[in-house]
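Fold and contact review
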Amino acid sequence: MKNTNSRRSFIKNISLATFSAVALSGCKSAVFDKFLQKNFKTLSKKEKDNIIRDLEIKYKEKYGKEFHVSDKPEIDGTLFGYALDLSRCVGCRRCVYACVTENNQSRDPQIHWIEVLQMEKERGIDFPHSTAQYNPEKVPEKGYFYVPVQCQQCKNPPCVKVCPVKATWQEPDGITVIDYNWCIGCRYCMAACPYGARHFNWGEPNVPTAELNTEVHYLGNRPRMKGVVEKCTFCIQRSRAGKYPACVEICPVGARKFGNLLDPNSEIRYILENKRVLILKQELNTQPKFYYFYGI
Amino acid sequence: MKYNFYENMKVSLIMISLYIVLVSGCKNKESDNSVINKINPGKEDIISSEQSNDYAVEAPPFSDGIFPCTDCHKNLKPNPTRRVLKDWHDDISAMFNHDSENRWCLDCHDLKNRDSLRLASGKLLDFKESYKLCGQCHGEKYRDWKVGVHGKRSGEWNGKKEYLLCVSCHNPHSPKFKELVPELPPTRQEDIKFVQLSNTRKK
């Protein structure tokens, strides 16, 4: 007696069925490649090049614009640091919107990577009593000071620690990045971040085509999709090309400073050595590379 | 015996390649250091304080038609008496707020050479180097500005930087930084609407 319902035949049939389903559905292998795309860190040079080429074609179709997607790795001998002069910031929010345009953040639903908090001078740095909603005719307002908060690029980042799929990691130049294709949208990292620096695409991101920045980095400001987390990358597309981040260049009071912590002659090192410096939530041992200082 | 020979070859090959990797690893570290030096083209390239005008500064922001001053002043008799100007430069008199109790025009402008600034030492100074004049009193700010900590820099963090003159941000006659109109505050979280989400939730 031949048993036709053997395990072997079941498996055989299953695989046949899958294969024929695939063949019938007319899916291109590209779709599967995309579905099976590996974590960015494990991709070979060739695979990266292919993915980037496909992305550029996809963006061209979707937005009708030529994109330049970079996967430029870190520059040897760099560890990026940032300093912000609390005695100068006037809370004008120019940085917030320069960042939005540079990094293709969704306009609606709105995502801002930088949040400028207004704090009372009498209370000092006090998050529970701060507000981001201040809207007077002119800034700075008397009796208040301003603390812009964005990703603090921690040396000991809790967001990286909690990611269940390793979709976010710290690069050798100190920038914590996200592989948007690998992110599953669980938002553990947002819960872990003590600075509220990570933002979730609850809806399909919406950027006016005319305002799209087409100079993008794979791990930074390329257009995101619904369901992924994003955050400040020190403008990875700019900083790795030797340029200052967009928020540094827009700041009308020159409160924002950026440079290489490993270079003893850099502005950032001068600040660390000569100014009174503080970091936010020091007690959490996140060790930010984003320093606040008093220039006067 | 033959088998052993090959085995030995294998082992020695592995040893050799290991050695190469180790050596090249060390070399990499060395070259890392040289890269660090390379990416800092040296502040000396940007800053050497004694030579004139080494800072890549933008041109001084003159009001339209005001420079060169000699256009008007060459026909005027210089008057060194301290006074409030009424017929000309009354706009500056009106706003002047830069230690105005103790200072007036000729503390910075030269009496004889109107197209020049004048240091306290009497040395004439081009308008393009006005930061030196400011630095006479504001030494600490001047030091910070030279290293890129006071004021805005643009350009490259590891290379060529653009400096702004003090007067690009501070009106020299009324240097206090002016108040700004802030950009819009962020949307409150409760005001962010998702059509699909809110529909399903309400049902």
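Residues numbered from 1 in each chain as written. Chains lettered and ligands numbered in written order. Predicted model: local features only at pLDDT ≥ 70, side-chain atom pairs only at ≥ 80, totals over all residues. Heavy atoms only, no water.

**Brief notes about helix α4 (residues 94–102) of chain A**
An α-helix turns once every 3.6 residues. As a result, residues three or four positions apart point the same way. The complete set of buried residues in α4(A) reads A:Cys95, A:Val96, A:Ala98, A:Cys99, A:Val100 and A:Glu102. Residue A:Asn104 follows α4(A) closely and has a positive phi angle near 55 degrees. (Buried < 20%, exposed > 50% of the residue type's maximum accessible area, 1.4 Å probe, protein only. Helix = DSSP H or I, 4+ residues; strand = E, 2+ residues; numbered from the N terminus.)

**Brief notes about the domain arrangement of chain A**
Splitting chain A by domain gives domain 1 (1–36) and domain 2 (80–293). Placing the centre of domain 1 of chain A and that of domain 2 of chain A at their C-alpha centroids yields a distance of 47 Å. (Domains from an automatic or database assignment.)

**Digging into the packing of helix α5 (residues 130–137) of chain B against helix α6 (residues 139–147) of chain B**
All names here are of chain B. Where α5 contacts α6, the two axes come as close as 6 Å, and the packing angle between them is 135 degrees. Considered as vectors, α5 and α6 are oriented oblique to each other. Counting all contacts with α5, which are made through Tyr131, Lys132, Gly135 and Cys137, the residues of α6 involved are Gly139, Tyr142 and Trp145. Its residues assigned to classes, the contact of α5 with α6 shows four nonpolar, two polar and one charged. (Axes fitted to C-alpha atoms, helices over the stretch in contact; angles between N-to-C directions. Parallel < 35°, antiparallel > 145°, perpendicular 65-115°, else oblique. Contact = heavy atoms within 4.5 Å. Nonpolar A, V, L, I, M, F, W, Y, C, P; charged D, E, K, R; others polar.)

**Structural notes on the packing of aromatic side chains**
Here the structure, examined in full by the defined rule, presents 22 aromatic pairs over all chains. Ring centres of A:Tyr59 and A:Phe67 lie 4.8 Å apart, and the angle between their planes is 50 degrees; on these two criteria the pair is classed as tilted. Taking the relative accessible area as the measure of exposure, A:Phe67 reaches 5% and is therefore buried. For the ring pair A:Phe258 and B:Trp157, a centre distance of 6.4 Å and an interplane angle of 85 degrees mean the geometry is edge-to-face. Here B:Trp157 lies in the loop between β3 (153–155) and β4 (161–163) and A:Phe258 lies in strand β10 (residues 256–260), a pairing that spans two chains. Positioned above the aromatic ring of A:Phe127 is the side chain of A:Lys281, whose terminal nitrogen or guanidinium carbon lies 5.0 Å from the ring centre. (Phe/Tyr/Trp six-rings, centres within 6.5 Å; stacked < 30°, edge-to-face > 60°. Lys NZ or Arg CZ within 6 Å of the ring centre and 35° of its normal.)

**Digging into the interface of chain A and chain B**
Each partner contributes residues to the interface: chain A has 52 residues there, and chain B has 36 residues. Contact between chain A and chain B buries roughly 3900 Å² in total, counting both sides, with carbon and sulfur atoms accounting for 56%. Ranking the residues of chain A by area buried against chain B places A:Gln133, A:Tyr244 and A:Tyr270 at the top, with a combined share of 14%. If you look at where chain A meets chain B, you find two salt bridges. (Buried area = accessible area lost by both parts, 1.4 Å probe. Salt bridge = Lys/Arg side-chain N within 4 Å of Asp/Glu carboxyl O.)

**Digging into the sheet that holds strand β2 (residues 80–85) of chain A**
Residues and elements named next belong to chain A. Across the sheet, four strands lie side by side as β10-β2-β12-β11; this open sheet has mixed pairing. Of all the strands in the sheet, just β10 and β11 (276–278) have a single pairing partner and so form its edges. Strand-to-strand, the axes of this sheet are offset by a mean angle of 30 degrees, without reference to chain direction. Where β11 and strand β12 (residues 290–294) come together, three bridges link them in antiparallel fashion. Its bridge partner lying in β12, valine 277 is registered against phenylalanine 293. On the sheet, helix α9 (residues 267–274) packs against β2, β10, β11 and β12 and is oriented at approximately 110 degrees with respect to β10. (Pairing = 2+ DSSP bridges.)

**A word on unusual backbone geometry**
The general pattern is negative phi for most residues beyond glycine and trans for most peptide bonds. Going from A:Asp108 to A:Pro109, the amide bond is cis rather than trans, its omega being 0 degrees. Residue B:Phe67 is joined to B:Pro68 through a cis peptide bond whose omega torsion reads 0 degrees. Here B:Pro68 is to be found in the loop between α2 (43–46) and α3 (70–73). Backbone geometry places A:Asn104, a non-glycine residue, at a positive phi of 55 degrees. Its location among the elements puts A:Asn104 in the loop between α4 and β3 (115–120). Here the phi dihedral of A:Phe234 falls at roughly 55 degrees; this positive angle occurs in a residue that is not glycine. Position of A:Phe234 relative to the elements: it lies in the loop between β9 (229–230) and α7 (236–239).

**What to know about the state of the cysteines**
If you walk through the whole model with that rule in mind, you get zero disulfides over all chains. A:Cys95 provides the cysteine sulfur closest to A:Cys89, a residue in no disulfide bond, and the two sulfurs are 6.5 Å apart. Cysteine B:Cys169 shares no disulfide, and the gap to the nearest cysteine sulfur, in B:Cys166, comes to 8.8 Å. Classification of B:Cys169 by relative accessible area gives partly exposed; the value is 31%. (Disulfide = S-S within 2.5 Å.)

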